[in-house]
Amino acid sequence: MKVRVRLAPSPTGRLHIGTARTAAFNWLFARRHSGSFLLRIEDTDKERSRSEYTENILDSLRWLGLTWDGEPIVQTNRQAEHHHAINNLLARGLAYRCYCSEEELEAMRIEQKHSGQAPRYDNRHRGLTPKQEQKFRDEGCDSVIRFRIDDDADICWNDMVRGLVQWRGSDLGGDMVIARRTSSNSIGEPLYNLVAVVDDAAMAVSHVIRGEDHIANTAKQILLYRALELPLPNFAHTPLILNAEGRKLSKRDGVTSITDFRQMGYTAEALINYMILLGWSVPQGMNERFSLEQAAAVFDLNRVSRAGARFDWDKLNWLNAQFLHEMPASELLKSLIPLWRDRGWSCPANDWGEDLCTLLRPSLALLQDGVEQAKPFFVMPELGEEAQQQLKVEGCVNALRDLSRRLESSDWDGRKIVKAQQMIEEVATAIGIKKGILMKSLRAALFGKLQGPDLFTAWSLLARIGQDRQRLIRCI
Ligand code: GLU
């Protein structure tokens, strides 16, 4: 069987981490089986769908490396097919118009609640005669279209993650609305379960891989496949992503969209790696740090867990740091330049920028750290309290003055670090100050603080852009 999977995001918000993880599993499954990964934009909810969300979804998928095959299908362009399916069901008596008003349905729900029953539509308009229907129409009543769900229908499928799943028609809340309310005799906006089935079949989707919050929908959709006489795809329901308290990760947890993670400074490589680990366990012997390609070579739905996957920030941060530490300096520079530019800092030359990245790289956990840590190379730093104290140590100012003079008369351009080391030796001897104290004071003067990366490398970077001497001068 040719594997064809799809992601079907609704453009009602930015790409959510749960949807992105579903995308990753679909993408990996397609790659593993040399199949296709398709994209369908489910924009049938016109009120909540926005084109900027579609853009965000496409952009975030591209950023993560989850590229799709062919052009995305836009669901609202397929309305004729959806109407055709609804008319087919209506004509065969498998769907019908229900004229119950919202108030009537609400009263039904309240009554069910009072008597301790689960809320469901009681199918009261299932058997309306043409005469009764006409009466409702004459009274100007709105109608929805409902699909018949027989209480004794047996629904079961062999879920590729969860094994055998069984449902009874009676568990599905009564006859299901497949087209929204309309005041005319036309067909209102077709709804998710109907359009998903029609489109998945039209796209020849072989495996529907989606979050477990869709399990009840799958039961309903299987009934629609049967009614429309369409071939059933395979189904796989992946576990939800949970927060630290074990509840579904939601907007209340703060960051949930891929854009949020991107803005916080996570790399695409670390984020995609981490998302795949949320629910999938690596085969024995495989490192938990992997690329999309490496995961695709071994991906298997059997290794997807049924239990919810708890989001673990420490693990994500650890992975992100690992990816940053191994990133080539040229690539790190490419990622940092736009962030530096946002602060108004421009990088004097690529080799300078790459050397700065090499210097900062081992201490980065988030990409954003590369902004804070690069700041003293772009902006004259304030002298912090500790730095001021250091500069008061006896002999320090003299030594820095001597160093400044040597710098003025030397032709050192910051390139040869041995030259800088020599200068420090010479000044320490000439002034009679310990080398360690001199270096500490030099760091204080150049960077305004006492901690930081390798001093000689950092100093030489400042020297290359002619910024070291003026920083000394302000302290002497
Ligand atoms: N639009 C649905 C969602 O975003 C798609 C579910 C499905 O994959 O069928 O949850």
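Above this text sits the structure in question.
Here the structure is a predicted model, which is why all the values come from computation and not from measurement.

A.B. asks: Explain the environment of Cys 141 to me, please; I cannot follow it from the model alone.
C.D. replies: Note that Cys 141 resides in the loop between helix 5 (130–138) and strand 5 (143–147). Note on Cys 141: relative accessible area 24%, which makes it partly exposed. Considered as a pair, Cys 141 and Asp 59 are 82 residues apart in the sequence and their alpha carbons are 44 Å apart. Those residues in contact with Cys 141 that lie beyond four places of it in its chain are Tyr 99, Phe 136 and Ser 183.

A.B. asks: Help me out: how do you make sense of helix 13 (residues 350–360) in this one?
C.D. replies: One turn of the α-helix equals 3.6 residues, which is why residues spaced by three or four share an orientation. Those residues of helix 13 that sit buried are Trp 352, Gly 353, Leu 356, Cys 357, Leu 359 and Leu 360. On an axial view of helix 13, the arc spanned by its buried residues comes to 160 degrees, and they lie on one face. On the buried face of helix 13, the contacting elements are helix 12 (329–342), helix 14 (369–372), helix 15 (375–378) and helix 20 (455–464).

A.B. asks: Help me understand the nonpolar core, please; the structure alone is not making it clear to me.
C.D. replies: Note on soluble globular proteins: their nonpolar side chains tend to be buried together. Ranked by size, the top nonpolar core spans 54 residues in total, and within it Leu 61, Leu 66, Ile 276 and Phe 311 carry the most contacts. When contributions to this core are tallied by element, the ones reaching two or more residues are strand 1 (4–7), helix 1 (17–32), strand 2 (36–41), helix 2 (51–64), helix 8 (258–264), helix 9 (268–277), helix 10 (292–298) and helix 11 (313–326). At nine residues, helix 1 tops the list of elements feeding residues into this core. Not counting residues within four places of it along the chain, the set of residues in contact with Ile 276 comprises Ala 24, Phe 25, Leu 28, Phe 290, Leu 292 and Ala 295. Listed in part, the 50 residues of the second largest apolar core include Ala 329, Leu 364, Leu 407 and Met 423.

A.B. asks: Is there a simple way to think about the pairing of strand 9 (residues 207–211) in this case?
C.D. replies: Along any regular strand, the residues point their side chains to alternate faces of the sheet. Among the five residues that make up strand 9, five are buried, leaving the element largely enclosed by the rest of the structure. Assessed by its sense of winding, the connection that carries the chain from strand 9 through helix 7 (residues 215–228) to strand 10 (residues 234–238) is right-handed.

A.B. asks: Sorry if this is basic, but what is going on with the pairing of strand 10 here?
C.D. replies: Among the five residues in strand 10, four count as buried, and that is most of the element. Summarising the sheet, strand 9 and strand 10 pair through five bridges and their orientation is parallel. Following the sheet pairing, Val 208 is matched in strand 10 by Phe 235.

A.B. asks: Mind showing me how you'd approach the sheet that holds strand 1 here?
C.D. replies: Sheets are built from strands paired through backbone hydrogen bonds, the pairs being either parallel or antiparallel. Ordered by their spatial adjacency, three strands build an open sheet running 1-2-3, and the pairing between neighbours is parallel. Looking at strand neighbours, the two that pair on one side only are strand 1 and strand 3 (73–74), the edges of this open sheet. Here strand 1 pairs with strand 2 via four bridges, running parallel. When the sheet's bridge partners are listed, Arg 6 is paired in strand 2 with Leu 38.

A.B. asks: Before we go on, may I ask you to explain the site of the ligand in this structure?
C.D. replies: Surveying the vicinity of the ligand reveals the residues Arg 6, Ala 8, Ser 10, Glu 42, Tyr 192, Arg 210 and His 214. Between the ligand and Glu 42 there is a distance of 2.6 Å, counted from a nitrogen atom to a side-chain nitrogen or oxygen. A distance of 2.9 Å separates an oxygen atom of the ligand from a polar side-chain atom of His 214. At a threshold of 2 Å from the grid points, most atoms of the ligand map onto the largest pocket. Classifying every residue of the shell around the ligand by side-chain character gives two nonpolar, two polar and three charged.

A.B. asks: Is there a simple way to think about the side chain of Asp 200 in this case?
C.D. replies: Checked against the element boundaries, Asp 200 lands in helix 6 (residues 192–202). The exposure class of Asp 200 is buried, given its relative accessible area of 1%. The contact partners of Asp 200, leaving out residues within four places of it in the chain, are Arg 6, Arg 40, Val 205, Val 208 and Tyr 225.

A.B. asks: What's the story with the packing of helix 18 (residues 417–431) against helix 20 in this structure? I'm lost.
C.D. replies: The description of two helices packed together rests on the angle between their axes and the distance between the axes. It is the contact of helix 18 with helix 20, at a shortest axis distance of 10 Å, that shows an interaxial angle of 110 degrees. With respect to each other, helix 18 and helix 20 are oriented roughly perpendicular. In this structure, helix 18 contributes Ile 417, Ala 420, Gln 421 and Ile 424 to the contact, and helix 20 contributes Phe 456, Thr 457, Trp 459 and Ser 460. Along the lines of polarity and charge, the residues of the contact of helix 18 with helix 20 split into five nonpolar, three polar and no charged.

Parameters and conventions
Residues numbered from 1 in each chain as written. Predicted model: local features only at pLDDT ≥ 70, side-chain atom pairs only at ≥ 80, totals over all residues. Heavy atoms only, no water. Helix = DSSP H or I, 4+ residues; strand = E, 2+ residues; numbered from the N terminus. Buried < 20%, exposed > 50% of the residue type's maximum accessible area, 1.4 Å probe, protein only. Contact = heavy atoms within 4.5 Å. Arc of directions from axis to C-beta. Core = buried A, V, L, I, M, F, W, Y, C linked by side-chain atoms within 4.5 Å. Right-handed = clockwise from strand over helix to strand, strands pointing away. Pairing = 2+ DSSP bridges. Near = heavy atom within 4 Å. Polar contact = N/O pair within 3.5 Å; in protein donor to acceptor, adjacent residues only side chain to side chain. 1 Å grid on protein atoms, 1.4 Å probe; cavity = no way out; pocket = protein on both sides within 12 Å on 5 of 7 lines; lining within 4 Å. Sits in = over half its atoms within 2 Å of the grid points. Nonpolar A, V, L, I, M, F, W, Y, C, P; charged D, E, K, R; others polar. Axes fitted to C-alpha atoms, helices over the stretch in contact; angles between N-to-C directions. Parallel < 35°, antiparallel > 145°, perpendicular 65-115°, else oblique.

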